[in-house]
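The primary structure of each chain is shown beneath.
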Amino acid sequence: MTSPDDEPTHATPLTAEEPEGLIPSHVTLRRELNELEQQNIIDADTWAFNRRHNPLSERFLRGLHRRMFGKVWRWAGHCRTSNKNIGVDRQQIPIGLHEAVSNVLYWIEHNTFPADEVAVRFHHALVFVHPFPNGNGRWSRLAADILTARLGRRRFTWGRSSLRTVGETRRVYIEALKTADNHDFTALIAFARS
Ligand SMILES: Nc1ncnc2c1ncn2[C@@H]1O[C@H](COP(=O)(O)OP(=O)(O)OP(=O)(O)O)[C@@H](O)[C@H]1O
Ligand SMILES: [Mg+2]
């Protein structure tokens, strides 16, 4: 896990090879990289909410990551090939994604949980797997937004301020994720709607 002093943008440490995947060659500052990623994600957002897509297909989920980060990172949409301090073993990624999707399909079919809870559990499961070298938080929150919208709810607000800068919102979010690791989703649902 990261120390409290780490910049959130460094929350997933890149391995030595991963910076080589950067597509724009002129980027030297973290801030420039953040802006490029942000613009790429804004473009992906409109595409993502198109009702033609099935948010519970594994193909869509990989494609979503590619759309969000594909103008910036060559590895966008490709699963990580190294292990991280967060996430399942790299060899468990495909089965982890498959399980996350299967569980959601089961919950919807059996009305196990309210729509928001289904979507928040989906976010948690996806970020727990941590399929990609980076961008897992933003990707899995957007996936949950799409799912909750598809289930007839408004998209989540996720604390209404940037989760990517150090601060109270980020702290509350990470705490809620850890509580959810222990199968209690109350705090994470409340956070997603805050
Ligand atoms: N202890 C933790 N510290 C940081 N992130 C965590 C932790 N536990 C789970 N996470 C999740 O992992 C995400 C960070 O993973 P990653 O860096 O791949 O995503 P990201 O979209 O680039 O987000 P970030 O802006 O946080 O770097 C967080 O947004 C959060 O959802
Ligand atoms: Mg990151």
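Note that the structure is a prediction, hence the values are computed from the model and not measured. (Residues numbered from 1 in each chain as written. Chains lettered and ligands numbered in written order. Predicted model: local features only at pLDDT ≥ 70, side-chain atom pairs only at ≥ 80, totals over all residues.)

A. Representation of the environment of Arg138 in the model. Following the sequence through the fold, Arg138 ends up in helix H5 (residues 136-150). On the neighbour-count criterion, Arg138 (20 C-beta atoms within 10 Å) is buried. Sequence-wise, Arg138 and Ile41 are 97 residues apart; in three dimensions their C-alpha atoms are separated by 8.8 Å. In contact with Arg138, not counting residues within four places along its chain, are Ile41 and Met68. (Helix = DSSP H or I, 4+ residues; strand = E, 2+ residues; numbered from the N terminus. Buried ≥ 20, exposed ≤ 12 C-beta atoms within 10 Å, placed from the backbone. Contact = placed C-beta atoms within 7 Å.)

B. Just the nonpolar core, in detail. One finds Leu64, Ala100, Phe122, Leu126, Leu142, Ala143 and Ala144 to be the most contacted residues of the largest nonpolar core, which totals 36 residues. Those elements giving two or more residues to this core turn out to be helix H1 (30-48), helix H2 (58-69), helix H3 (93-110), helix H4 (115-129), H5, helix H6 (168-181) and helix H7 (186-192). Here this core gets eight residues from one element, more than from any other, and that element is H4. Contact partners of Ala144, with chain neighbours within four places excluded, come to Ala119, Val120, Phe122, His123 and Phe156. (Core = buried A, V, L, I, M, F, W, Y, C linked by C-beta atoms within 7 Å.)

C. Geometry of the environment of Arg160. Note on placement: Arg160 falls in the loop between H5 and H6. Along the backbone, Arg160 and Ser194 are 34 residues apart, and their C-alpha atoms lie at a distance of 6.9 Å.

D. Molecular detail of the packing of H3 against H4. Here H3 crosses H4 at 175°, and the two axes come no closer than 9 Å. As the angle between them shows, H3 and H4 are arranged roughly antiparallel. For the pair H3 and H4, contact is made by Ile93, Gly96, Leu97, Ala100, Asn103, Val104, Trp107 and Ile108 and by Val118, Phe122, Ala125, Leu126 and Val129, respectively. By residue class, the composition of the contact of H3 with H4 is eleven nonpolar, two polar and no charged. (Axes fitted to C-alpha atoms, helices over the stretch in contact; angles between N-to-C directions. Parallel < 35°, antiparallel > 145°, perpendicular 65-115°, else oblique. Nonpolar A, V, L, I, M, F, W, Y, C, P; charged D, E, K, R; others polar.)

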